[in-house]
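Structural characterization, general
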Amino acid sequence: MIELNMNSLRDFDWISLIILLSIMAIGVINLTSIDVHFAKKQVIFDITALVFFFVFSFFDYRNLKYITEIFYVVILLLLMGVLVTHVNGSSRWINLKFFSVQPSEFAKLALIIFIAKILNLVGNKEYLSIILTTVGTLVYTGLVFIEPDLGTSIEFILIWFFMVIFMNFDWKISVSIIIFFILVSIVGFEFMKDYQKARILAFLNPYEDPYGRGYNVIQSMRSVGSGGLIGLGYKNGIMHILKFLPEAHTDFAFASFSEEFGFFGIVGLMSLYLIQLFRILKTAFVSRDSFGFFIAIGFFILYLFQILENAGMNMGILPVTGIPLPFITYGGSSALVYSTFFGIINSIYIRKDSMLMDKYALF
């Protein structure tokens, strides 16, 4: 199942690895400025994540079809388990003594593989594929929403929505999916807790309650704005040094980075993300089969949303949802999941269709 030969090494996507290492390094540098303790732990997380990247790069992604259902059920049980396990007053993590695991992060991986397999197997049986993928998605979404984890719940729906749209259904079915998506959003809003609604509405006018629900957003915007063009300099971020910026190592790590490295730093970081997104999209279109195509499309949607949402909430143009910025936000579960994803994408790329490769050479 693990293939390591000259062909694998020749077709290995070294560009993706270099970009991945670069973003990881930026994340550690940023965390070192915020808190060395978190930076040291993140280094351990990243090294472990790189092991996962290499293992799954040489693992034939097509074998994932044989463990899809098992993986889905295991994550389902873990999501149910976190509802009775509380860490730091929240029920999103499972405490394993030495570290905590966030099953909802691994659920992103399980859900994308699950949907990809269904769409690959069912093929043109449009209604059956919609029913199966919808049920599978809503089960995960409901459990994560109860935790409560609004941001990840939204991600699950978006992943499902765009993956099934790429099936090129009949226009009537596509319109029905869009209407269903809108209805789920409306109903979901009604079931949100008051603080979740406040978070969503706070970005519209954070100064309405500057010391309450708008405080985090205001401090984050000040951090981003104070960076200017070139930033205040490494380890000179006033907002996090004076503890004005809340959750500087997690939700608002982007704001801390922006304060120290400025606009040019943001452009550099976003350029690296953009290259990664292009590589994922390219892999989707040179994939040998629809299973690999849908995995790549699902990950592309997930990764793009993570980047846009986190950066947007740090700049005050999108609601605060707690969505992490890949490899910049402190966290082990996130690093492991995204490195595994990139490993799978690399596996798809190694086994790509060489004829399609020439067609999409500009990517």
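All of the points below concern the structure found in this document. Throughout, residues of each chain are indexed from 1 in the direction in which the sequence is written. Totals for whole chains, interfaces and linings use all residues, but because this is a predicted model, local features are given only for residues with pLDDT of at least 70 and pairs of side-chain atoms are given and counted only at 80 or more. Only hydrogens and water are set aside when side-chain values are computed; all heavy atoms of the structure are taken into account.

Considerations on the packing of helix H5 (residues 103–122) against helix H14 (residues 332–350)
Helix packing geometry: the angle between the two helix axes and the distance between the axes. For clarity, the cut-off: The axes are straight lines fitted to the C-alpha atoms, using for helices just the contacting stretch, and the angles between their N-to-C directions are given from 0 to 180°. The way it works is that DSSP assigns letters per residue, a run of H or I at least four long becomes a helix, a run of E at least two long becomes a strand, and they are numbered from the N terminus. Roughly parallel means an angle under 35 degrees; roughly antiparallel, over 145; roughly perpendicular, 65 to 115; everything else is oblique. Contacts were defined at the residue level, with two residues in contact if any of their heavy atoms lie within 4.5 Å. Gly is placed with the polar residues, together with every amino acid not listed as nonpolar (Ala, Val, Leu, Ile, Met, Phe, Trp, Tyr, Cys and Pro) or charged (Asp, Glu, Lys and Arg).
Interaxial distance between H5 and H14 falls to 8 Å at its minimum, and their mutual angle equals 25 degrees. The orientation of H5 relative to H14 falls into the category roughly parallel. Facing H5, whose interface residues are Glu105, Phe106, Lys108, Leu109, Ile112 and Ile113, H14 presents Ser333, Ser334, Leu336, Val337, Tyr338, Thr340, Phe341 and Ile344. For the contact of H5 with H14, a count of residues per class yields nine nonpolar, three polar and two charged.

Quick notes on the packing of helix H12 (residues 253–286) against H14
Using the following cut-off: Note on convention: near helix rotated counterclockwise from far helix by under a right angle means a left-handed crossing. Clockwise means right-handed.
Two elements in contact, H12 and H14, have axes whose closest approach is 9 Å; the angle formed by their N-to-C orientations is 45 degrees. By the angle class used here, H12 and H14 are oblique. The two elements H12 and H14 cross, and the hand of that crossing is left-handed. Between H12 and H14, the contacting residues are Gln276, Arg279, Ile280, Lys282 and Thr283 on the first element and Phe342, Ile345, Ile348 and Tyr349 on the second. Tallied by class, the residues present in the contact of H12 with H14 amount to five nonpolar, two polar and two charged.

Quick look at H14
What counts, and what does not: Residue count minus one, scaled by 1.5 Å, sets the expected span of a helix. Here's how the labels work: a residue is buried when its accessible area is under 20% of the maximum for its type, exposed when over 50%, partly exposed in between, all with a 1.4 Å probe on protein chains only.
The terminal C-alpha atoms of H14 lie 27 Å apart, and with 19 residues this matches the ideal 27 Å at 1.5 Å per residue to within 8%. With 19 of 19 residues buried, H14 lies mostly within the body of the structure.

What about the environment of Glu69?
Inspection of the secondary structure assignment puts Glu69 in helix H4 (residues 68–82). Linking Glu69 and Ala110, residues 41 residues apart in sequence, is a C-alpha distance of 8.9 Å.

Digging into helix H13 (residues 290–314)
With 25 residues, H13 ought to run about 36 Å at 1.5 Å a step, and its terminal C-alpha atoms sit 36 Å apart, in line with that. Counting buried positions over the 25 residues of H13 gives 22, a clear majority of the element. Just past H13, the residue Gly316 takes up positive phi, approximately 80 degrees.

Concerning the packing of aromatic side chains
For clarity, the cut-off: Only the six-membered ring of Trp is used, alongside the rings of Phe and Tyr, when aromatic pairs are assigned; centres must lie within 6.5 Å, and planes under 30 degrees apart are stacked while those over 60 apart are edge-to-face, with the rest tilted. Counting as a charge over the ring demands two things of the Lys NZ or Arg CZ atom: a distance within 6 Å of the ring centre and an angle within 35 degrees of the ring normal.
Scanning all chains against the criterion turns up 27 aromatic pairs. Taking 6.4 Å as the distance between ring centres and 65 degrees as the angle between the ring planes, the aromatic pair formed by Phe327 and Tyr338 counts as edge-to-face. Here Phe327, found in the loop between H13 and H14, pairs with Tyr338, found in helix H14; they are eleven residues apart in sequence, far enough to count as distant. Summarising the burial analysis for this pair, Phe327 and Tyr338 share the class buried. Every member of this aromatic cluster is reached through a ring pair, and the members are Tyr273, Phe299, Tyr303, Phe327, Tyr338, Phe341 and Phe342. The ring of Tyr349 carries Lys352 above its face, with NZ or CZ at 4.3 Å from the centroid.

Looking at the pattern of salt bridges
Quick note on the threshold: The rule for a salt bridge is simple: a side-chain nitrogen of Lys or Arg has to be within 4 Å of a carboxyl oxygen of Asp or Glu.
As enumerated under the stated definition, the model contains seven salt bridges in all. In this structure, Glu105 engages Lys108 in a salt bridge whose closest nitrogen and oxygen atoms are separated by 2.9 Å. Of this pair, Glu105 and Lys108 both sit in helix H5, three residues apart, which is roughly one turn of that helix. For the salt bridge of Lys108 with Glu155, the shortest nitrogen-to-oxygen distance reads 3.1 Å. Highlighted residues: Lys108 in helix H5 and Glu155 in helix H7 (residues 150–165), separated in sequence by 47 residues. Note on Lys108: relative accessible area 0%, which makes it buried. Salt bridges sharing partners connect three or more residues here, namely Asp60, Arg62 and Arg351.

Some words on the environment of Phe180
Inspection of the secondary structure assignment puts Phe180 in helix H8 (residues 171–190). Along the backbone, Phe180 and Phe161 are 19 residues apart, and their C-alpha atoms lie at a distance of 9.6 Å. Excluding residues within four positions of it along the chain, Phe180 makes contact with Thr134, Leu138 and Trp160.

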